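# Reading the structure
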Amino acid sequence: MESAMHAVSTPTSLLGLVVFLPLFGFIINGLTGRKLKNNKVVDLFALGTVGASFLISCVLFVKLIGMEEGVRSLHQSLWTWMTPGAAVVNGGVTHATIEWAYKFDPLSGAMALLVTGAGFLIHLFSAGYMGEERNDGRYYRFMAYMNLFVFSMLNLVLGANILMMFLGWEGVGLCSYLLIGFYFDKDFAAAAAKKAFVFNRVGDMGFMVGFFLLFMVAGSLDYDTLMGSFHGISALPVITLFGHTAAPAFWFNIIGVCLFLGACGKSAQIPLYVWLPDAMAGPTPVSALIHAATMVTSGLYMITRFNFIFVQAPLAMETVLVIGSLTAIFAASMGLAQYDIKKVLAYSTVSQLGYMFMGMGAGAFTAGMFHVFTHAFFKATLFLGSGAVIVACHHEQDMRNMGGLRKLMPITFASMLAATLAIAGIPPFSGFFSKDEILWRVFEQWYQGGTHAGSSLYLICWILGMLGAFMTAFYMMRLMVMTFFGEYRGAGNDPHHLAVASDPHGHDDHHEDHGHEDHHNGPKEVAWTMWLPVAILGVLAVVGGFLNLPLSLGGGEHFSKWLEPLLYREPAAAVHASNVEYGLMIFSGLVWAPFAMFLAWRFYGADAVWSTPKAFVTRFPRVFAWVHNKYFVDEGYQAGIIDPVVKGSVGLWKFDAGVIDGLVNLTAWLLRQGSGGFKRLQSGRVQNYAFLMFLGFLAIALWKYLA
Amino acid sequence: MASPNAVLLISFLLFSIGIAGVLIRRNALVILMCIELMLNAANLNFVSMARHSGTVGGHAIALLVMGYAAAEVAVGLALVVAIYRRRDTIQVDDMNLLKG
Amino acid sequence: MESILASLGQHLFVIFGLMACAAAAVMIFSKSAIHSVLAFLTAMLCVAACYLCQQAEFLGVAQLLVYAGGIVVLFLFVVMLVELSKFREKGLFQAQAKVALPLVVAFVGVFSWFFRQALFGAPSKEALTLPPEISGGLDVAANNAQAVSRGLFSGWLLPFEILSVILLVALVGAIVLAKSERA
């Protein structure tokens, strides 16, 4: 295996600014926001710092493009964070120190651009979306948390060693908690925040074990050092740790599986995905930024960063592949039966993340990372657009109460339509080039150029992926049709009785005294601060695919070539496309997905009373109940894990209150009884005291003789 | 003339009778009288030792102690009278306000 | 006849001492308070006689004056003031008497045993008469009052003066304590 990995990096002094500017925004807004009560100042710092970060990232990126391919890396070490001293690792004793350092190379640079760029657009959107909070005095808190999130995410992607990534990892988990639970006075929001944090922590345990083992094996946590030394480590015959001797692949498998467990927690894969749908309790910009574009992709970034481990660990790769495809189809099926617009998008996110992991598991790291970027574009568009729709419909989130918004909100409609076509995988939108690339790579692992030499696991996963793609196209079109087509069903205008009595101050509601007077106007297009970011992201969803046009279609595969020096893998063997590839492309892009979208149009658009879905629900009520209730996974966790733990805790509490407190109380009781006895000496009578004095005199007088 | 042994013995007996009286009787006045008895026993001892050594120190001390005893009796009896006036009793068993 | 008187005269101190002990025993065991006071008076008189037997005349007379003449009278007055006949129901002896009396008897026995040499043994070899060089020119036995007064006003002046202060304080205190509560 050859690679262009190296340990050379060019120092620069701008990197620290990229990361620390949002932190300054957080500190300034956090400390002064409440007192100043000036929303314009808050906006200036919040948007200004993230925007400045984006501009500096662009400057550094341009610089990176100008460098030679083999040495494309900028770094800056700010200070030495930890000096552990001597550590006994695989090769002997290491004196590695851990620096607070940043590294801007093709992968982390692209991610930094995404984080700051999408972050800036979403900050701009929030300035319009969080309208009530501006008057409430809570706005500064939101912007401060968002800035803290951007800071943590930049630490994660730009960190030069695993501990920096872990710092950012934990930081984004914390910010996710803070932002999901932004309306902390609502019970379900607080519970959802806690759930997100706890599931993230379960994953973090795996991540920690993984990188502890990696440190034991490699003796360093720094990326440059790891990439440079991995060749040597994988060439060793055996590695002995903790008294167990095995081939390096064994240890890499364990490391890979543990790191993937961390990714499962952060990127919402089975079995740790349940926090993501509940996280929709937070404000919509939070869902867009954290749970679509950035935080949930940190698991994928981590796997791509450690591709040199995964490639050597076949068991870990298979685990990633299987879990990814299962999640993809499982979550897509749950998206079919949801009525809350944000929940549909949440399950869609889980499903698309499954696709990305599927790609990584099949060895297609660049395809998976490209899907990260295109997904960020179209999912952020969808979330922000749904946020605009929710605001326009006066905080209505149930799709059955929407409809006909196409004419009322044209710009939002156009952006969301573009994003829907992208996510469905219709060419030439971006999703086609990323998702289909993943599916093709999985297929190719089985097909192997016609010899069918690959394991049939890949075939099964490919079938699951194709089924998931069908469902994705179906439910996204369903969302579009229910929301934008037909007639507006809110405000009592419901001839076919499709609307449900929903609480109009639903999940996304904040307080009770916002303008009731405009409830009786219909929804209309939102302010420019809201439709402009959606439109920008929509355009990116359309054209972004051309960054990685595959060779078979005559493109340059720029993105893949950009990332390639970081990948520890064989160069692509297939240089010319086969007919199978073209055939699959045409099938999935022009037949499979459009057919699903046509079905959705038939059921929900052309038919004003939605007779077919209703007939299905009446025919198979149990099936519908299972899918609508998310297969009762949450209830399963509650009964299987949480309740026994709670019972155990109650038992321990009883032990503590009974036995331990009982011992303490027993001591006190004994003392009281003892002093009760001594109390009787205090009779208050002089003659008793005289008697005692006499006894004392006797004792002293006879002391010498008694001894 | 008395041998020092006899004096010691007599004064010891008087002293122990005094102690017994203090510890036994309920009447405050009898207790006070027994305290005086103890003081007298000590005086006897002093005088005997003074005689035995030929100095006047013992006599002087005994005289002074007599004076102190008189003062003490005066104050003690005044106390008894005051207590009697307040509580109508001088049984020491009834005086247990300091009871804890 | 003279020999009985002579031997009686030799043991006069012991006789008066035992009489004092007997009177004391009567004092602590008698039911009536007046009887106790009279027994106390008897004990004081016997102690005064003991002093005289020790050739401490000054002290003996002082004892008569102070104790028998002053203190006993005080006690009598207070006993008459405090009408005790009403309060006989509770009993004569305290609750702890059952424990205290045997303890005191044991104490007497134990101490007698420990100090048996001093109490019952042979007397020391020093003379019972006074050596002339330490009597300061005055014979304590023969000129007791002068010797005592000379000692009191030269070597023991400070305690004497303090005694006068104490007597004054006791006087004031007794008046304050025994004053009635009106106004």
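This is a predicted model, so every value here is computed, not measured.

Turning to the overall build of chain B, a few remarks are in order. For chain B, the helix and strand inventory stands at three helices and zero strands. What you see for chain B is a C-alpha radius of gyration of 17 Å, clearly larger than the 13 Å of a compact globule of 100 residues, by over 25%. Along the three orthogonal principal directions, the C-alpha set of chain B runs to about 50 × 25 × 25 Å. Here chain B holds 100 residues, and 60% of them are scored as buried. Considering only residue pairs separated by 6 or more positions, chain B has 45% of its internal contacts joining residues 24 or more positions apart.

For chain A, the helix and strand inventory stands at 28 helices and seven strands. Considering chain A as a whole, with its 707 residues, one finds that 51% of them fall into the buried category. A separation of at least 24 residues holds for 80% of the contacts in chain A among residues at least 6 apart in sequence.

Right, let's talk about the packing of helix α3 (residues 57-87) of chain B against helix α4 (residues 57-81) of chain C for a bit. Where α3(B) contacts α4(C), the two axes come as close as 11 Å, and the packing angle between them is 5°. As far as their axial angle goes, α4(C) and α3(B) are roughly parallel. In this structure, α3(B) uses B:H59, B:A62, B:L63, B:M66, B:A70, B:V73, B:L77, B:V80 and B:V81 to contact α4(C), whose residues at the interface are C:F58, C:L59, C:A62, C:Q63, C:V66, C:G70, C:I71, C:L74, C:V78 and C:L81. Counted by class, the contact of α3(B) with α4(C) contains 16 nonpolar, three polar and no charged residues.

Residue and element names in this part refer to chain A. Assignment of secondary structure puts K266 in helix α9 (residues 248-266). Residues K266 and A380, 114 residues apart in the sequence, show an inter-C-alpha distance of 18 Å. Apart from residues lying up to four places away in sequence, K266 is in contact with W169, N200, G203, M295, V296, S298 and G299.

In this structure, A:F149, A:L154, A:I180, A:A380, A:A388, A:A473 and A:A541 are the most contacted members of the largest nonpolar core, which totals 222 residues. The leading source of residues in this core is helix α16 (residues 365-392) of chain A, at 18 residues. For A:F149, the contacting residues outside a window of four places in its chain are A:V172, A:C175, A:L179 and A:I290. The next biggest cluster of nonpolar side chains, apart from the first, holds 82 residues, and it includes B:I31, B:M66, C:M44 and C:L59.

It is worth spelling out unusual backbone geometry at this point. Residues and elements named next belong to chain A. The step from I270 to P271 runs through a cis peptide bond, and the omega angle for that step is 0°. Backbone torsion omega between P427 and P428 reads -5°, so that peptide bond is classified as cis. Positionally, P428 belongs in the loop between α18 (410-424) and α19 (430-447). In the Ramachandran plot, F632 falls in the positive-phi region, its phi being about 55° despite a non-glycine side chain. By the secondary structure assignment, F632 is in the loop between α25 (621-628) and α26 (633-679). The exposure class assigned to F632 is exposed, which follows from the 12 C-beta atoms found within 10 Å.

Our next topic: helix α23 (residues 579-606) of chain A. Quick reminder: α-helices carry 3.6 residues per turn. Residues three or four places apart thus point the same way. Its axis deflected by about 35° at A:S588, α23(A) carries its strongest bend there. Packing partners of the buried residues in α23(A) comprise α18, α19, α20 (456-484) and α24 (611-619) of chain A.

Residue and element names in this part refer to chain A. It is at 7 Å that the axes of helix α3 (residues 106-129) and helix α21 (residues 528-543) come closest, and there the two elements cross at 155°. Here α3 is positioned roughly antiparallel relative to α21, judged by the angle of their axes. The interaxial crossing formed by α3 with α21 has left-handed handedness. Here L121, I122, L124, F125, A127, G128 and Y129 of α3 lie close against α21, whose contacting residues are T529, M530, P533, I536 and L537. Taken together, the residues of the contact of α3 with α21 break down into ten nonpolar, two polar and no charged.

So, about the pairing of strand β5 (residues 98-104) of chain A. Residue and element names in this part refer to chain A. Counting buried positions over the seven residues of β5 gives six, a clear majority of the element. In this structure, strand β2 (residues 74-82) lies alongside β5, joined through seven bridges in antiparallel fashion. Within β5, the residue paired with W79 across the bridge is W100.

Low pLDDT means the predicted coordinates in that region are not meant to be read closely. Residue and element names in this part refer to chain A. Per-chain confidence: chain A averages 83 in pLDDT, with 90% of residues scoring 70 or above. Within the model, pLDDT remains below 50 along residues 1-7, and this stretch shows 17 contacts once partners closer than five positions in the same chain are excluded. Below a pLDDT of 50 lies the segment residues 504-520, which in the model reaches 23 contacts outside its immediate sequence neighbourhood of four places, other chains included.

Each partner contributes to the interface: chain B provides 60 residues, whereas chain C provides 73 residues. Within the residue set of the side of chain B that touches chain C, elements represented by two or more residues are α1 (4-24), α2 (28-53) and α3 of chain B. In terms of residue count, the dominant contributor to the side of chain B that touches chain C is α3(B) (20 residues). Its residues assigned to classes, the side of chain B that touches chain C comprises 41 nonpolar, 14 polar and five charged.

Turning next to the environment of A:G385. Turning to its location among the elements, A:G385 is positioned in helix α16. When neighbours within four sequence positions are excluded, A:G385 is seen to be in contact with A:T412, A:S415, A:M416 and A:V534.

With that settled, the discussion passes to the confidence of the model for chain B. Of the residues in chain B, 97% reach a pLDDT of 70 or more, and the chain-wide mean stands at 88. Scoring the predicted complex yields pTM 0.71 and, for the interface, ipTM 0.92.

What counts as what
- Position labels on residues start from 1 in each chain and follow its written sequence.
- Labels are handed out in written order, letters beginning with A for the chains and numbers beginning with 1 for the ligands.
- pLDDT decides what is reported in this predicted model: residues at 70 or higher carry local features, side-chain atom pairs at 80 or more are listed and counted, and totals for whole chains, interfaces and linings draw on all residues regardless.
- Put simply, DSSP marks the helices as runs of H or I at least four residues long and the strands as runs of E at least two long, and each gets a number from the N terminus on.
- Throughout, the radius of gyration refers to the C-alpha atoms, and the reference size of a globule is 2.2 Å times the residue count to the power 0.38.
- Exposure criterion: with C-beta atoms placed from backbone coordinates, a residue whose C-beta has 20 or more other C-beta atoms within 10 Å is buried, one with 12 or fewer is exposed, and one in between is partly exposed.
- Residue pairs qualify as contacts under a 7 Å threshold applied to their C-beta atoms, which are placed from the backbone.
- Where helices are involved, their axes are fitted lines through C-alpha atoms of the stretch in contact, as for all axes, and angles between N-to-C directions lie from 0 to 180°.
- These descriptions rest on fixed angle ranges, namely under 35 degrees for roughly parallel, over 145 for roughly antiparallel, 65 to 115 for roughly perpendicular, and the rest for oblique.
- Under this grouping Gly is polar, as are all residues other than the nonpolar Ala, Val, Leu, Ile, Met, Phe, Trp, Tyr, Cys and Pro and the charged Asp, Glu, Lys and Arg.
- Among buried residues, those of type Ala, Val, Leu, Ile, Met, Phe, Trp, Tyr and Cys that are joined through C-beta atoms within 7 Å form a set called a nonpolar core.
- Bend angle per residue: angle between axes fitted to the 7 residues ending at that residue and the 7 residues starting there.
- Crossing handedness is defined as follows: a turn of the near helix away from the far one that is anticlockwise and smaller than a right angle gives a left-handed crossing, while the clockwise case is right-handed.
- At least two bridges found by DSSP between two strands is the condition for calling them paired.
- As a per-residue quantity, pLDDT reports the predictor's confidence and falls between 0 and 100.

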